[in-house]
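# Summary of structural features
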Amino acid sequence: QILKDVIHFTFSASGTGKKHERYWTAKEFARLDGATEGDRVVFPFLLDDDAKKRTEGRFLMDAIAGTEFKGVGDKAALQAVVEEKAKQLKKKVPEKQMEIFVVHQNIIRYMFMRLMQFDTTAWLNFGGGNCTMTQLRIKRTGDVSCDFFGDHGSMMPVSHYTFNKSPDV
C-alpha cells in the first residue's frame with residue numbers, strides 16, 4: 001500500500017480457513033472486538049477495507065504486516081504490536097515513486113492543468129506536440145512542480161526531423 005499509516009492484516013475464517021486480508025490503520029484495527037480463546041484472538045466481525053461495513057463471522061488473527069501472530073491470545077497484546085508497527089511506518093521515509101504515462105497530448109495538458117490547480121477550461125491554450133515529455137513532481141507536502149512541459153528532449157537540428165518537409169529549414 002502507498003498510504004503511510006496502513007498496515008496489512010491477515011485473518012482466517014474459523015471453520016473454513018478462508019483467508020481475509022485487510023489494510024487498516026491502527027485506529028481502524030482498534031475498532032474490532034477481540035476475545036481470547038485458548039492461545040488465539042477471535043474476532044466476531046471484520047470491517048471492509050474502508051473500515052465501514054461489517055462482515056459477521058468468526059475470524060482468527062493470522063498475521064500483522066507479514067509477521068505471524070497465531071500464538072498471541074490477547075487483544076491488548078495485538079493492539080500493542082499494531083501501535084508499534086504504526087510508529088515504525090510513520091518513521092519510515094517513503095521511497096521515490098515514478099509513474100510514466102504514454103497518452104495523447106490532450107490528456108497531458110488536462111492533467112497538467114489539474115495538478116497545477118489552474119482553470120481546466122484553458123487546457124487547449126497550451127501547446128505541446130506529439131512525442132514530447134512533460135515531467136511533474138508531486139512532493140511529500142502535496143505541492144506540484146513542473147520540471148518541463150512539451151519537451152522533445154532531442155538535440156537533433158530541426159532539418160533532421162522526419163516530419164519536416166519545409167525547404168527553408
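Residues numbered from 1 in each chain as written. Predicted model: local features only at pLDDT ≥ 70, side-chain atom pairs only at ≥ 80, totals over all residues. Heavy atoms only, no water.

### Observations regarding helix α2 (residues 75-91)
A rise of 1.5 Å per residue sets the reference length of α2, with its 17 residues, at 24 Å; its end C-alpha atoms lie 25 Å apart and thus fit the reference within 8%. The set of residues buried in α2 consists of K75, L78, Q79, V82, K85 and A86. Viewed end-on, α2 has its buried residues packed into an arc of 120°, placing them on one side of the element. Exposed and oriented more than 90 degrees from the buried face of α2 are A76, K87 and K91. Buried-residue contacts for α2 involve β1 (7-13), α1 (26-30), β4 (40-47), β5 (54-64) and β6 (67-68). (Helix = DSSP H or I, 4+ residues; strand = E, 2+ residues; numbered from the N terminus. Expected span 1.5 Å × (residues − 1). Buried < 20%, exposed > 50% of the residue type's maximum accessible area, 1.4 Å probe, protein only. Arc of directions from axis to C-beta. Contact = heavy atoms within 4.5 Å.)

### What to know about the pairing of strand β2 (residues 19-24)
In the case of a regular strand, side chains alternate between the two sheet surfaces. Here β2 shows one buried face, formed by H20, R22 and W24, and one open face, formed by K19, E21 and Y23. Both β1 and β2 contribute to a ladder of six bridges, which runs antiparallel. The residue of β2 that forms the bridge with F9 is R22. Linking two consecutive strands that pair antiparallel, namely β1 and β2, is a turn of five residues; a positive phi of about 100° is found at G15 within it. (Pairing = 2+ DSSP bridges.)

### Details of the pattern of salt bridges
By the definition in use, this model includes five salt bridges. In this structure, the salt-bridge partner of R54 is E56, at a minimum N-O distance of 3.2 Å. On the accessibility criterion, E56 (52% relative accessible area) is exposed. The partner of R137 in a salt bridge is D147, and the shortest N-O contact between them spans 2.8 Å. Here the residue R137 occupies a position in strand β7 (residues 133-138), and D147 occupies one in strand β8 (residues 144-151), the gap between them amounting to 10 residues. For D147, a relative accessible area of 34% corresponds to the partly exposed category. Via salt bridges that share partners, K19, R40 and D62 belong to a single interconnected network. (Salt bridge = Lys/Arg side-chain N within 4 Å of Asp/Glu carboxyl O.)

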